[in-house]
Amino acid sequence: MAKKEYSFYPGCSSQKGASGSNYQVSVDAMCDVLDIQLNDIPDWNCCSASIGYAGGGELPRLALSARNLALSEEANPGQDVVATCAACWLATRETKDRLLDNGGLMKETNEALSAAGLKVEANQNVRHMVEVLIEDFGYEGLGQHVKKPLEGIKIAGYVGCQTNRPFGIDGESFENPMYLDKLVETMGAEPITNYDKKVSCCGGALAFSEPEKSQALIKDIIESAYDSGAEMIATPCPVCQMNVEVYQDQINAKYKTKFDIPVVYYSQLMSVAYGKSGKEAGLDGQVIRAKKLEEIASK
Amino acid sequence: MSNLNQAMVEKYRNSFLQEVQANVEEGDWVKMCMQCGVCAGSCPMGPYWEHPPQEIFMMIRAGKREEVLSSDSMWMCTSCYNCIARCPRGLPITHIMHGLAHYADRLGLAPKEQPTRKFANKFWDNLTKKGRVNELKLGLALYFMNGFFEGIKVALANQKLGLNMLKAKRMSIAEMFGGHGVKDSNGLHAILKKAREIELAKADEFKG
Amino acid sequence: MADEIKIGAYICQGCGIGDRVDTAQMAQVAQRDAKASIAREHEFLCNAEGVKMIQDDIDNEGVNRVAIVACSRRAKTEAFNFQNVAITRGNIREGVIWVRPDTDEARETTQDMADDYTRMAVAECKYIGVPDNSEEAQYNRTIMVVGGGISGMTAATEAAKAGYPVHLIEKTGALGGAAAKSWKRIPQKSPYRDLEDTGVAELISEIEASDKITVHLNSTLTKTSGAPGRFSADITTESGSTTTENFGAIIQASGYSEYDANQLPELGYGKSPNVVTQAELDAMALEANGGPIKTKDGKDINSVAFVQCAGQRSEKEGHLSYCSGHCCMSSVKQAMYFKDQNPAVDTNVIYTDLRMPGAGGEDFYRGGQEKGVTFTKGSVSEVVTSGSELEVKFKDLILNEDTSEKVDLVVLATGQVANSGLNIDEVGQDEPGEWQSNPESILNLSYRQGKDMPQLTKGFNDSHFICFPYETRRTGIYACGPVRRPMDMQQAIEDAAGATMKAIQAVENAGKGRAAHPRAGDLSYPIFRREGCTQCKRCTVECPFGAIDEDEQRFPQFNEARCRRCGTCMGACPVRVISFENYSVDSVGQQLKIVDIPDEFEEKPRILALACENDAYPALDMAAMNKVEYSAFVRIIPIRCLGSTNLIWITDALNSGYDGVVLMGCQKGENYQCHFVRGSEIAHVRMSKVDDTLQSLSLEPERVSVHEVAITDIERAPQIINEMAETIENIGMSPFKF
């Protein structure tokens, strides 16, 4: 199969020493196997995520994403923009949709961009990495590269919010999308298909500002994974990953639970199944070690 | 009362709904709510909202300007988009909540001590400074947003979390000194400045 | 039928019947017990060869009664359609083999069933004939439409377009009714956003241009008599001159009156000229003619509150308890009067439940919201009037607080009250020979049962609300528009078209002497043995369709074209002098009597089930298709309507040793599903007196049970039979087995 190229928007959390840096490591490993070339958008900036709303008004926020689109159009014309972070994807795609939908906003945004000599047309598709995998490769295509099936691991696919709503992946339902389960199955692991909290909210950015309320949500997400027999949680979103993984100690202290469940990215599952090492799969970036994956990776 | 707020009160004396339609992001949709309450039942933070979106919309129509804009309800939004996905009338409720919160903040009516209001503003300041989020500084700013002593307490409570992240190389002390950022930060700042100008000019127009 | 009766019994072996029962024995039973002249078996009776075998017997052997012993009478009706012979059906497939297990143990009782149904089919054959046209049949294509509003005008033009002459009777001096007093109408076309012209002017010019429509303005009906195909009406003008015209059918489109808002002083009506009803606002809008609507004293209107459900959907004394259906849409329409003219006018619709029915209802609601009409879920308690200022006090039901709004105009959404004339259940009837016209009546029918059509509830004409709209309880007279239920203009237009189709059918059926719905095409009619009549009047009173009058000697006078052939009169008659050529006390009675009643010691009880052919019998057939089993001891006889059940059937059954009797009719009451409206209800009343019969025979009351069964009761109908079988097991066999 010919090499596939995409205009890549890595996002802040993917950077070295940032909270989702291990996600990026595993994405690189996965892309290597699938012969995907990710062409970074040069000098990309933060999308402001959803939580940027308070400080930035509508236009400044649109301008941020529009700048990325403009740079992408310039450097990587004709390529789809791909993001791995749910918030990056959402903000960028929303911007594209709104600019195309509203001529007035398009005009004003370009007026703002012109301050830095840029111009946006919003003519590239904006896609999440998972869409690329499912739509451009297909489950069968993805399965062909599996060298070490993840046999015997029970995985709860935690889709979360922003990779699911409001756009959805591959036309799946908002209430019970199956793509993550299908990916898990394709990698040879056992998906927990009746996982209750599959699309529940982890609190997002409110994990910082409203820790108690958010941790109550996170507790339910983890508890439900345990209840349905999962040994591991997999997710496509860096905020979901972080919130569900790193607060387990604090939740245990507060709720007297004994949570200790690894939370990994789909790309880490794929990297290991594709025969990459634990380090290449970013497993050393786990706060709660994914021992079963490490075992398979080291085989 | 801020000048902008005063101006808006004068202009829309009769209709808060019209004020929202003209000034709040996606505010034009408010009138389309049919009061079914699906949003209220779909929100993960539902129990903590004093007024769920359904009520906020009703209050806007009923002209309860002060109550809406000073409410901390909208600040409960986690941006999970559940309400948008489920609204039978297709209202972009998440965006309207963001828009209302932003507008309230701009007018100086949002509750000062609302933690998400503070964090969200810090987030914006952080990202616009260098064009990319500096997670370490953001985290520290967050810990100290309620004052120094409170900050030490929060920081201590989160000490283990921080150490864990450092160990996993998902947090870097290097961020304290410079850290990531865009190269063309001048250009970025120019864009944001211009965007803000255009938006404020529009508000001025409404003052009209 | 003068010829000698010659019955051929034809027993099918197809569909597994031959494998399950001994058809040779059935053929023998048909001839030996039931006296069929010919009995033949066939392996596939409904195929061309089987049908030909029967036709040959009719042609060559003089067979004039045919008993088809095969599948349900509801199956293969086209194959078994022989001309000029009476046909009965023995239901072996759905009635026997599909409801019984194919086991050795069940074989004997299954065969018993098959033998009995064979006997019954032949016995019924003996007592029915081929009905002939009633000599009363007349053909008159002219249709009378009563009421010149949007419904009546639509009915008139629809009938004219179909080629039927129309006389349109209008009480006032102009056509148009309530619609003509409206400025615009709720949109009827996609995208349902903008208001449309009422269409009244176009309809009027269409009527004026039609050579088929005669309009009688300022006219009322002072007498309507006759029957479908031969109605006669006295049309009297305001000045008192009367012309008499003849009609084939009648459409009543007498519309509605607005509820009297003077009963709503708490909402400020009568206290301030700026509290108006929806009708009054439409009049103001007509006057404004597209310009800004002003208050009655000529002031600008900057804010309007629409108060929904004013005096309706309320159990308060004097209020209407029902929803008038159109008012929410009408308020949106009227709010648009203001918004379209000047978007700055505040319009607020205060509702408890917003009801926007129909294909475009939801879009129209959105259209209102897009134009800036606001909607507040709240219940209004009071409109305070002080000077020109109005304050609407209400409870906000979303924010759960008492609040108020000051406005320049309040519009009350008051309801529709049907113009249905006299409530014949309340006013006394004129005695024969003393009939007098009543100015409050719409139709002034000379019928024995009253001058107007019966009402169902809340003053609306009974028009078979659930299953067959427009079908009233006066054959050949169809109701449409708000006289039969509350509705808006679009619904009234659709209603009028529907009623017109029914009127045309009635005209055509009446011309051929055939029954109207639901036994459309039936040529039979009630035959009355005058010399046996005791003039008890039960038939006249119980006929759900007012078909029976009284002659000068007080004998019942059957108006055959008004009859719907339900047989309720036949069931009512204590001396059994009423029958139909193809349905009679004997045609059922002889079936139940020919059933073999084993003696007590055989432990084979017998249950008689009389099942309404419209719902209960199809439900049992469907149960059979689903292979739902039921007791082998039951013998089911389909009847036209539970209302046709004559008590003698019950008495005869009990006397001949049946252990239980089950009656299955349709739902009765306000939400009736009875095809003949009152049949099931009347039968229930009649059967409530069966206890006397049981007592006189010293039998337990549980032996007779009456049930309401819907066509969907596929599980329940068999269960009712099984429950009776259990009851008999518990209380023991009947002592009347001889």
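### Side note on the domain arrangement of chain B
Segmentation of chain B into domains returns domain 1 (8-111) and domain 2 (115-195). The gap between the C-alpha centroids of domain 1 of chain B and domain 2 of chain B is 29 Å.

### Some thoughts on the interface of chain A and chain B
Between chain A and chain B, the contact holds 50 residues from the first and 56 residues from the second. Of all elements in the fold, only helix 1 (21-34), helix 2 (58-75), helix 4 (103-113), helix 7 (206-209) and helix 8 (211-227) of chain A reach the threshold of two or more residues within the side of chain A that touches chain B. With 5 residues, the single largest contributor to the side of chain A that touches chain B is helix 2 of chain A. Across the side of chain A that touches chain B, the residue classes tally to 22 nonpolar, 19 polar and 9 charged.

### Quick notes on the interface of chain C and chain B
Every contact between the two is made by 9 residues of chain C and, on the other side, 10 residues of chain B. Of all the secondary-structure elements, those providing two or more residues to the side of chain C that touches chain B are helix 11 (361-370) and strand 16 (374-386) of chain C. Take the side of chain C that touches chain B: its biggest share by element is 3 residues, from strand 16 of chain C.

### Concerning the domain arrangement of chain A
Residues and elements named next belong to chain A. Along its sequence, chain A is carved into domain 1 (4-128) and domain 2 (146-298). Summarising the inter-unit geometry, the C-alpha centres of domain 1 and domain 2 are found 25 Å apart. In this assembly, 21 residues from domain 1 lie in contact with 23 residues from domain 2. Of all elements in the fold, only helix 1 and helix 3 (86-101) reach the threshold of two or more residues within the side of domain 1 that touches domain 2.

### Re the sheet that holds strand 28 (residues 607-612) of chain C
Residues and elements named next belong to chain C. Strand order in this open sheet of 4 strands is 29-28-30-31, and the pairing throughout is parallel. Taken across any chain shown, the strands that pair with only one partner, and hence form the sheet edges, are strand 29 (634-639) and strand 31 (704-708). In this sheet, adjacent strand axes meet at a mean angle of 15 degrees when their direction is disregarded. Two strands pair when backbone bridges link them, and strand 28 and strand 29 are joined in this way by 6 bridges, in the parallel orientation. Note on strand 29: the bridge partner recorded for I607 is V634. Here helix 18 (residues 679-687) sits on the sheet and contacts strand 30 (660-665) and strand 31; the angle it forms with strand 30, its principal contact strand, is near 155 degrees.

### Notes on the arrangement of the chains
No other pair among the 2 pairs of chains in contact exceeds the contact count of chains A and B. Considering only C-alpha positions, the minimal separation of the non-contacting chain A and chain C is 18 Å.

### Quick look at the sheet that holds strand 7 (residues 213-216) of chain C
Residues and elements named next belong to chain C. If you trace the 5 strands from one edge of the open sheet to the other, you get 7-6-5-11-23, paired in parallel fashion. Each of the sheet's edge strands pairs with one partner strand only, and the pair in question is strand 7 and strand 23 (477-479). Direction aside, the axes of adjacent strands within the sheet are offset by 20 degrees on average. As paired strands, strand 5 (residues 143-146) and strand 6 (residues 166-169) are joined by 4 bridges and run parallel to one another. In the strand pairing of strand 6, V146 is matched with I169. Running over the sheet, helix 12 (residues 489-511) touches strand 5, strand 11 (249-252) and strand 23 and is turned about 165 degrees from strand 11.

### A short note on the confidence of the model for chain B
All names here are of chain B. This prediction gives chain B a mean pLDDT of 89; 96% of its residues lie at or above 70. Averaged over each element, pLDDT in chain B is lowest for helix 10 (residues 148-157) (76) and highest for helix 6 (residues 82-86) (97). Interface confidence for the predicted complex, given as ipTM, is 0.94, next to a pTM of 0.89.

### A short note on the environment of E78 of chain C
Topologically, E78 of chain C is positioned in the loop between strand 3 (65-70) and strand 4 (86-91). Sequence separation between E78 of chain C and C46 of chain C is 32 residues, and the spatial gap between their C-alpha atoms is 9.3 Å.

### Overview of unusual backbone geometry
Here the bond from R165 of chain A into P166 of chain A is cis, since omega is 5 degrees, no more than 30 degrees from zero. Mapped onto the elements of the fold, P166 of chain A is located in the loop between strand 5 (154-157) and helix 6 (179-186). Although it is not a glycine, Y192 of chain C sits at a positive phi angle of roughly 55 degrees. With respect to the element layout, Y192 of chain C can be found in the loop between helix 7 (177-180) and helix 8 (200-209). Residue class for Y192 of chain C comes out buried when judged on the 20 C-beta atoms lying within 10 Å of it. Phi angles above zero are rare outside glycine, and N400 of chain C is one such case at about 55 degrees. Relative to the helices and strands, N400 of chain C is located in the loop between strand 17 (389-396) and strand 18 (401-407). By C-beta crowding, N400 of chain C is classed as exposed, having 8 other C-beta atoms within 10 Å.

### Thoughts on the packing of helix 6 (residues 150-161) of chain C against helix 12 of chain C
All names here are of chain C. Here helix 6 crosses helix 12 at 40 degrees, and the two axes come no closer than 8 Å. One element, helix 6, and the other, helix 12, form an angle in the oblique class. Of the two elements, helix 6 crosses helix 12, and the hand of that crossing is right-handed. For the pair helix 6 and helix 12, the contacting residues are I150, S151, T154, A155, E158 and A159 in the first and M489, A492, I493, D495, A496, A497, A499, T500, A503 and I504 in the second. In the contact of helix 6 with helix 12, the residues fall into 11 nonpolar, 3 polar and 2 charged.

### Some remarks on helix 20 (residues 716-731) of chain C
All names here are of chain C. Relative to the 22 Å expected for 16 residues at 1.5 Å per residue, helix 20 spans 22 Å between its end C-alpha atoms, a close match to the ideal helical length. Among the residues of helix 20, A717, P718, I720, I721, M724 and I728 are the ones counted as buried. Looking straight down helix 20, one finds that the buried residues subtend no more than 160 degrees of arc, so they occupy a single side. Summarising the geometry of helix 20, the exposed residues directed more than 90 degrees from the buried face are E726 and N730. Of the residues trailing helix 20, G732 is marked for its positive phi of about 95 degrees.

Calculation notes
Residues numbered from 1 in each chain as written. Chains lettered and ligands numbered in written order. Predicted model: local features only at pLDDT ≥ 70, side-chain atom pairs only at ≥ 80, totals over all residues. Domains from an automatic or database assignment. Contact = placed C-beta atoms within 7 Å. Helix = DSSP H or I, 4+ residues; strand = E, 2+ residues; numbered from the N terminus. Nonpolar A, V, L, I, M, F, W, Y, C, P; charged D, E, K, R; others polar. Pairing = 2+ DSSP bridges. Axes fitted to C-alpha atoms, helices over the stretch in contact; angles between N-to-C directions. pLDDT = per-residue confidence, 0-100. Buried ≥ 20, exposed ≤ 12 C-beta atoms within 10 Å, placed from the backbone. Parallel < 35°, antiparallel > 145°, perpendicular 65-115°, else oblique. Left-handed = near helix turned anticlockwise from the far one by under 90°. Expected span 1.5 Å × (residues − 1). Arc of directions from axis to C-beta.

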